[in-house]
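These are the residues of each chain, in order.
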Amino acid sequence: MNIPKQTWPQELADRYRKLGYWRGETFPQLLRERASAHPDRIAIVAGDARWTYGEFNERARRFGAGLLALGLAPGDRVLVQIGNVPEFFSAVFGIFVAGMIPVYALPAHRRTEVAHLADKADVRAIVTEPRIERFDHASMALSIKSDLPNLSHVIIAGAAPDGALSMDDVTGDPATLPTDPDPQSVAFLQISGGSTGLPKLIPRTHDDYIYSIRESSRICGLNGDSIFMATLPLAHNFTMSSPGTFGAFYARARVVLCPAPMPDVAFRLIRDEGVTITGLVPPLALLWLQAAEKTRPAIPTLKILQVGGAKFLPESARKVAPLLGCRLQQVFGMAEGLVNYTRPDDPDEIVVNSQGRPISADDDVLILDDEGHPVDDGQPGNLLTRGPYTIRAYYRDPTANARSFTDDGYYKTGDVVIRLPSGHLVVQGRANDQINRSGEKISAEEIEDLILRHPAVFDAVVVSIPDAHLGERACAFIQPKNGAPSAADIRKFMRGLDIAAFKIPYDIRFVEAFETTAVGKISRRHLRTTLRSSVLEQEQTQ
Ligand code: AMP
Ligand code: DBH
């Protein structure tokens, strides 16, 4: 029954409860209450499938009871790797009602990432689809299962190969389901892109996450008539919680699943389903704007287009209202907690130029220079934060915790921001070594470690470079040894490492040697800074 708890200091926990932030609500209760109050209201639309709140709850309960019937117990972790199909929700809420803890993997994750997450969270089962975008996820899950003795079941939303179970066959008697979990216990493990190593696990409690979705849906004006379209992957924290699908369920609204984020598909779905709000990463928002420049789409129901996950430049931000006929909302969030929104009644200049302000009056935001001194409004500094929905530690990761949290509980976001006098934040970039490729966070260190496995590589340094289409892209500098591999060799080798394809750098450059100091070794951060500047200078002179 090893249910992890996330701990804020007692006096803060008392304060958050007293102020009504934490209300003792849990995810099983959330779904049960909506299903009993509005059993026939449509909760989820996906293609021809329309699940009412009643049906959603029944499916989740049957699946949750099925997990118990397999011998899994409350507190067990279950990894979910499912694309934008409704089974994502019956799986996740089924795990919730069984008192178990979902661990989310992105569809793009491959064996290296999924095996790491499964091992780190010590999961008992993986729930996945047979294939997502032509990749055989079922076989991958079975192969991971053969390596992890505690991972006893692979469950497939769809037809199951030998050795796996079909989700439809994982059913049980809902009377066996446990009582609701402790609202302060961990509800699920979300994942972080991070700046070092493989993804880290983020323990979010019922109380803290439900506070963030409740306030997010209020800020975004969701109500029972709202129709939220999930355009980005469902497992992404933005799509899940800002206000996302969970915020929509909180507000008793409807969720429409978009099968592909391309403008033609999305515009048609917005029109056919009367979508009122959706969220995009900046490169997709640009694609929608380009399409709308050619042919103005007839999407009058769309009230809010949210853009977040990476910096949306003011030039593009300005075009949203005239071309799409809706209001822009900038969202700057992180799976670790803190989420900032521009508000519907903010002046246009703030909506275009800032990434929003925090959800809560109790979000403590510090903006510090490199020596740890607060900077004035208008000056860039490192963003640190703590508050009623920001974690105080990663799950089972003392090394990352020592690096990412201060002694007084602040999370060091790694973002460099400016605070405006109104409290809105303007994101300037990252202080640490992360590449934000279209909202997919890539750790420079992780890619370096992967490249270093190539037998002809002596050393590698990966830096982030601005990119017109992706926002940022990775550029890898490689110092070869014995022989001269080509960029194509390196990419082929990396594809063989079973990692998410978005991590393989296209831009690979070879160097004879890296700069060293008299002492012999130079800090990687310094090296990354100089290499990055050299690329920027080169690109400017071209
Ligand atoms: P993660 O910790 O993997 O959830 O990624 C969160 C990070 O994404 C933040 O710390 C920022 O670096 C980045 N991010 C999210 N939203 C925005 C935004 N609107 N503008 C700029 N960066 C963003
Ligand atoms: O990028 C993110 O992680 C993100 C962006 C917007 C996020 O977690 C969120 C909103 O909640």
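The model shown is predicted, which means the values in this text are computed figures rather than measured ones.

Side note on the side chain of Asp-433
Now for step 1: With respect to the secondary-structure elements, Asp-433 resides in the loop between strand S22 (425-430) and strand S23 (434-437).
Now for step 2: Side chain to side chain, Asp-433 and Arg-528 meet in a polar contact 2.4 Å long.

Examining the side chain of Ser-185
Now for step 1: Among the secondary structure elements, Ser-185 is positioned in the loop between strand S9 (165-166) and strand S10 (186-192).
Now for step 2: Only 2.6 Å separates the side chain of Ser-185 from the backbone oxygen of Asp-182, close enough to count as a polar contact.

Focus on the site of ligand 1
Now for step 1: Around ligand 1 sit 18 residues in total, of which Val-331, Ala-335, Glu-336, Asp-415 and Lys-441 are the nearest.
Now for step 2: Note that a nitrogen atom of ligand 1 is positioned 3.0 Å from one of the backbone N or O atoms of Gly-309.
Now for step 3: Within the backbone of Lys-311, one N or O atom sits 3.4 Å away from a nitrogen atom of ligand 1.
Now for step 4: In isolation ligand 1 offers 500 Å² of accessible surface; the protein chains occlude 94% of this area.
Now for step 5: Elements represented by at least two residues in the shell around ligand 1 include exactly strand S16 (327-334) and S22.
Now for step 6: If one sorts the elements of the shell around ligand 1 by residue count, S16 sits on top with four residues.
Now for step 7: A class-by-class count of the residues in the shell around ligand 1 yields six nonpolar, seven polar and five charged.

Brief notes about the sheet that holds S22
Now for step 1: In space, the four strands of this open sheet follow the order S19-S20-S21-S22, with antiparallel pairing throughout. The open sheet has two free edges, formed respectively by strand S19 (364-368) and S22, since each of these has just one partner strand. Neighbour to neighbour, the strand axes of the sheet diverge by 45° on average, direction disregarded.
Now for step 2: Alignment of strand S21 (residues 411-419) against S22, held across five bridges, turns out to be antiparallel. Residue Arg-419 lies in a different strand from S22, and its bridge partner there is Leu-425.

Re the site of ligand 2
Now for step 1: Around ligand 2, the neighbouring residues are His-236, Asn-237, Phe-238, Ser-242, Gly-309, Val-331, Gly-333, Met-334, Ala-335, Val-339 and Lys-441.
Now for step 2: The side chain of Asn-237 places a nitrogen or oxygen atom 3.0 Å from an oxygen atom of ligand 2.
Now for step 3: The protein chains hide 94% of the 290 Å² of surface that ligand 2 would expose on its own.
Now for step 4: Broken down by secondary-structure element, the contributors of at least two residues to the shell around ligand 2 are helix H8 (237-241) and S16.
Now for step 5: The element contributing the most residues to the shell around ligand 2 is S16, with three residues.
Now for step 6: Broken down by class, the residue content of the shell around ligand 2 amounts to five nonpolar, five polar and one charged.

Here we look at the packing of helix H2 (residues 27-37) against helix H7 (residues 206-219)
Now for step 1: Look at H2 against H7: their axes get within 10 Å of each other, and the N-to-C directions meet at 50°. On the basis of the axis angle, H2 is oblique to H7. Contact residues: H2 offers Phe-27, Pro-28 and Leu-30, while H7 offers His-206, Tyr-209, Ile-210 and Ile-213.
Now for step 2: Looking at the contact of H2 with H7, its residues break down into six nonpolar, one polar and no charged.

Some words on the sheet that holds strand S25 (residues 457-467)
Now for step 1: The sheet built from three strands is open, its strands ordered S25-S26-S27 with mixed pairing. Pairing within the sheet leaves two strands with one partner each, and these edge strands are S25 and strand S27 (507-510). Within this sheet the neighbouring strands show an average axis-to-axis angle of 25°, counted without direction.
Now for step 2: Examined bridge by bridge, S25 and strand S26 (residues 471-480) share ten bridges and lie antiparallel to one another. Among the inter-strand pairings, Val-461 is bridged to a residue of S26, identified as Phe-477.
Now for step 3: Sitting on the sheet, helix H17 (residues 487-495) is in contact with S25, S26 and S27, with an inclination near 125° to S27.

Things to note about unusual backbone geometry
Now for step 1: Residue Pro-243 is reached from Ser-242 by a cis peptide bond, and omega for that bond is -15°.
Now for step 2: Along the chain, Pro-243 falls in the loop between H8 and helix H9 (244-250).
Now for step 3: Even without glycine at this site, Asp-122 takes up a positive phi of about 50°.
Now for step 4: Residue placement: Asp-122 occurs in the loop between helix H5 (111-120) and strand S5 (125-128).
Now for step 5: Positive phi, normally seen in glycine, also occurs at Glu-133, with a value near 45°.
Now for step 6: Structurally, Glu-133 can be placed in the loop between strand S6 (131-132) and strand S7 (135-136).
Now for step 7: The class for Glu-133 is exposed, based on a relative accessible area of 75%.

Conventions and cut-offs
Residues numbered from 1 in each chain as written. Chains lettered and ligands numbered in written order. Predicted model: local features only at pLDDT ≥ 70, side-chain atom pairs only at ≥ 80, totals over all residues. Heavy atoms only, no water. Helix = DSSP H or I, 4+ residues; strand = E, 2+ residues; numbered from the N terminus. Polar contact = N/O pair within 3.5 Å; in protein donor to acceptor, adjacent residues only side chain to side chain. Near = heavy atom within 4 Å. Areas by Shrake-Rupley, 256 points an atom, 1.4 Å probe, with all protein chains shown as cover. Nonpolar A, V, L, I, M, F, W, Y, C, P; charged D, E, K, R; others polar. Pairing = 2+ DSSP bridges. Axes fitted to C-alpha atoms, helices over the stretch in contact; angles between N-to-C directions. Parallel < 35°, antiparallel > 145°, perpendicular 65-115°, else oblique. Contact = heavy atoms within 4.5 Å. Buried < 20%, exposed > 50% of the residue type's maximum accessible area, 1.4 Å probe, protein only.

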